Amino acid sequence: MSIAVYRWQVPAAFLACTAASLPWLVTSSPLAPLAVAGGVVALLIAIHQPLLVCIGFVAFSLFRLHEAYPFLMPLQLPLGLAILTVFALACNALAGRIEAAWPTEIRLFLAFFVFVTVGSVFALSPGLSFKFWNETYFKIGLMTLALAWLPRTNEDFHLVARVIAISGLLVAAVAISNKLNGINLVEGTRVTIGLQTTSILSDPNDLAFLLLTTLSFSIALLTGRTGWANRIIGAACVPAVLVAIVYTQSRGAVLGVLTVFAVYGLLFVRSKTVLIVACVVGAMALYFAMGISERMSRVAPAEGFDASAADRLEFWITALKAAALRPLTGVGLANFSWFNYIQTGQDMTTHNTWLQVLAETGIPGLALFVLMVARAFRTSLRAHRILSAAEIRSPVQPVAYGLVAAIAGFCTAGFFLSQGFTWSIYIMVALAAAVGRYVDENTRMTAQMEAPHLSATIHDMAPYRG
C-alpha cells in the first residue's frame with residue numbers, strides 16, 4: 001500500500017475516533033464504547049474497501065432489505081452505509097486510489113442525468129421533481145459513477161455478483177414465506193412484501209422486476225464455471241427467485257424471465273429449433289404456474305377485456321399526450337402520476353419504462369436513455385466475446401453475460417413495468433462500464449506483454465521473406 005494512502009488513513013482514523021467519542025458527552029450508556037468501536041472499524045473498512053460499503057448501500061437501496069426484514073429498520077443501515085460510502089469515496093479520491101474513467105455509456109448517463117436535472121426546473125410541479133431527485137435520483141447518480149469506477153479486479157466483480165444474487169435470495173425468501181402464509185397479498189393471490197409501507201416491495205410488479213435482475217446474475221454464477229462457491233450460490237438463488245417471481249403473477253415479468261432464459265439459451269443451446277420450442281413450453285408453463293388466466297377472469301369486465309390491460313392502454317395514451325404537449329422536456333421527473341391524475345383521475349404511473357421516460361423527459365431524454373441502454377448492452381456483449389476468445393477463462397466473463405441477459409430482460413419487461421428512474425438499469429450501466437474498462441485494460445496489458453515477443457518473431461522471420 002502506498003505511503004499516500006497511510007497519510008490519509010492516519011488523520012481519517014483520528015477524526016473518526018474523535019467524532020465517535022462525542023456520544024460520551026451526552027450519554028452514559030454502556031453501549032457507547034461498542035458504538036465507538038464499531039464506528040471506527042466501519043470507517044477503516046470503508047477506507048480500505050470502498051466497494052464493499054458501496055455495494056452494501058446499493059443492495060439496501062435496490063432490494064430494500066431493511067423493509068423485507070423489519071428488525072433491521074432501527075439500525076438505519078441505509079443511512080449509515082450512505083455516510084460510509086461518501087466518506088470512503090472522498091478519502092480514496094483524495095488519496096488517488098480511484099481512477100475516473102469516462103466510457104461512452106457513462107458519458108451518455110451523465111448527459112441524461114444533467115438533462116433530467118435541468119428538466120426538473122421546467123416540470124409541471126418542480127416540487128415533486130426536486131423531492132424525488134433529492135431523495136432518490138441524486139443517490140442513483142452518485143452510486144452509478146462509484147460502481148463504474150470501483151470494480152477493477154476479478155474479486156471485485158465476484159463480490160458484486162454475489163451480493164446481488166444473495167440480496168435477491170433474501171427478498172425471495174420473504175416473498176415465498178408471505179405466499180405460503182397468505183399474508184401481504186393483493187388481489188387475493190399476488191404476493192408482496194411490506195404491504196403496509198410505501199415501497200417498491202409492496203407492488204408485485206416492481207417486486208418481480210427487482211427479482212428479475214437477481215435472476216440473471218444467479219444464472220451467471222450457476223453456469224459460469226468460476227468455482228463451487230458460486231455454483232452453490234447460483235443453485236440456491238435461481239429456483240427461489242424464479243418461484244418468487246411466479247408468486248407475483250406479473251405478466252411483464254413473464255416476458256422478462258423468458259428473455260433472460262432465451263439469452264442464456266443462445267449461449268448453451270446450439271439448435272435454434274430446440275431453443276424456440278423450449279421458450280414456447282417455458283412460456284406456457286409460466287403462464288399456468290402464475291395463474292394468469294385466473295387472475296384475468298377475476299378482474300375481466302363484461303366486455304371480455306382485462307381491466308388491468310385497459311387501464312394500462314389508457315396510461316400509455318396519456319403518456320403520449322404528455323410527450324405531445326411538452327416534447328422537449330416532458331412533464332418532469334416523477335410528475336407523470338400527477339399529470340395522469342389530472343387527465344384520467346387515477347394517480348398511476350405509465351406501466352411502461354420507455355413511455356415513462358418519454359413522458360417525463362421528452363423526446364431528447366428518451367433518445368439519450370435508449371442510447372445509454374443500447375451502449376451498455378453492446379459493451380457487455382463485446383466484453384463477453386473478448387473474454388470468451390481468451391485462452392484462460394476469466395471470472396468476469398459470466399458477469400459480462402449476466403449483464404447481457406439482465407439488460408435484455410429489462411428492455412422486454414420494461415414494456416409493461418415503469419422502471420426508468422429506479423436503481424436497476426443504472427446499476428447495469430455502471431457495471432457494463434466497469435466490465436468494459438476491465439477488458440480494455442487487460443487487453444492492452446496482454447498486447448504490451450506480447451509485443452516484444454511478436455517483434456522478435458517478425459525479426460527472425462525477416463530473412464525468409466521473398
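Scroll up a little and you will see the structure.
Remember, predicted model here, so these are calculated numbers, not experimental data.

Caption draft 1: View of the packing of helix α6 (residues 104-121) against helix α7 (residues 126-149). Taken N-terminus to C-terminus, the directions of α6 and α7 make an angle of 165°; their axes are 10 Å apart at the nearest point. For the element pair α6 / α7, the angle class is roughly antiparallel. Crossing angle aside, the handedness with which α6 passes α7 is left-handed. Every residue of α7 that contacts α6 at Ile 106, Phe 109, Leu 110, Phe 112, Phe 113, Val 116, Thr 117, Ser 120 and Val 121 is listed here: Pro 126, Ser 129, Phe 130, Trp 133, Tyr 137, Phe 138, Gly 141, Thr 144, Leu 145 and Ala 148.

Caption draft 2: Seen up close, the packing of helix α3 (residues 50-63) against helix α5 (residues 77-94). Running from N to C, α3 and α5 point in directions that differ by 145°, and their axes come no closer than 8 Å. Crossing of α3 over α5 shows left-handed handedness. Residues Pro 50, Val 53, Cys 54, Gly 56, Phe 57 and Phe 60 of α3 pack against Leu 77, Pro 78, Leu 81, Ala 82, Leu 84, Thr 85, Ala 88 and Asn 92 of α5. Each residue belonging to the contact of α3 with α5 can be placed in one class, and the counts come to 11 nonpolar, three polar and no charged.

Caption draft 3: Molecular detail of the nonpolar core. Within the largest apolar cluster, 111 residues are counted, with the highest numbers of intra-cluster contacts made by Phe 112, Tyr 137, Leu 211, Phe 369 and Tyr 426. Every residue in contact with Phe 112, bar those within four places of it in the chain, is listed here: Tyr 137, Val 357, Thr 361, Gly 365, Leu 368, Phe 369, Phe 421 and Tyr 426. By size, the runner-up hydrophobic cluster in this structure holds nine residues, among which are Ala 319, Phe 339, Leu 355 and Ala 359.

Caption draft 4: Quick look at the packing of aromatic side chains. Scanning the entire structure with this criterion turns up 20 aromatic pairs. On the basis of an interplanar angle of 15° and a centroid distance of 5.3 Å, the ring pair of Phe 113 and Tyr 137 is categorised as stacked. Taken together, the residues span a long stretch of sequence, with Phe 113 in helix α6 and Tyr 137 in helix α7 at a distance of 24 residues. The pair Phe 113 / Tyr 137 is uniform in exposure class, with both members buried. Ring centres of Trp 354 and Phe 410 lie 6.0 Å apart, and the angle between their planes is 75°; this geometry places the pair in the edge-to-face category. Residue Trp 354 is found in helix α16 (residues 353-389), and its partner Phe 410 is found in helix α17 (residues 396-413); the two are separated by 56 residues along the sequence. An identical accessibility class is assigned to Trp 354 and Phe 410; each is buried. Over the ring of Trp 228 we find Arg 231; its NZ or CZ atom is 5.2 Å from the centre of that ring.

Caption draft 5: Inspection of the pattern of salt bridges at higher detail. Applying the stated rule across the entire model yields eight salt bridges. Salt-bridge contacts for Glu 441 lead to Arg 152; the nearest nitrogen and oxygen are separated by 3.0 Å. Here Glu 441, found in helix α18 (residues 423-461), pairs with Arg 152, found in the loop between α7 and α8 (154-181); they are 289 residues apart in sequence, far enough to count as distant. The exposure class assigned to Arg 152 is partly exposed, which follows from its relative accessible area of 25%. Put simply, Arg 437 and Glu 441 hold a salt bridge, and the shortest N to O gap is 3.2 Å. Placement of both Arg 437 and Glu 441 in helix α18 is noted, with a separation of four residues, approximately one turn of the helix. Residue class for Arg 437 comes out buried when judged on its relative accessible area of 11%.

Caption draft 6: Local environment of the side chain of Ser 202. Note that Ser 202 resides in the loop between β2 (190-191) and α9 (204-223). On the accessibility criterion, Ser 202 (15% relative accessible area) is buried. Once you skip the residues sitting within four places of it in the chain, Ser 202 turns out to touch Thr 192, Ile 193, Gly 194, Leu 195 and Thr 197.

Thresholds applied
Residues numbered from 1 in each chain as written. Predicted model: local features only at pLDDT ≥ 70, side-chain atom pairs only at ≥ 80, totals over all residues. Heavy atoms only, no water. Axes fitted to C-alpha atoms, helices over the stretch in contact; angles between N-to-C directions. Helix = DSSP H or I, 4+ residues; strand = E, 2+ residues; numbered from the N terminus. Parallel < 35°, antiparallel > 145°, perpendicular 65-115°, else oblique. Left-handed = near helix turned anticlockwise from the far one by under 90°. Contact = heavy atoms within 4.5 Å. Nonpolar A, V, L, I, M, F, W, Y, C, P; charged D, E, K, R; others polar. Core = buried A, V, L, I, M, F, W, Y, C linked by side-chain atoms within 4.5 Å. Buried < 20%, exposed > 50% of the residue type's maximum accessible area, 1.4 Å probe, protein only. Phe/Tyr/Trp six-rings, centres within 6.5 Å; stacked < 30°, edge-to-face > 60°. Lys NZ or Arg CZ within 6 Å of the ring centre and 35° of its normal. Salt bridge = Lys/Arg side-chain N within 4 Å of Asp/Glu carboxyl O.

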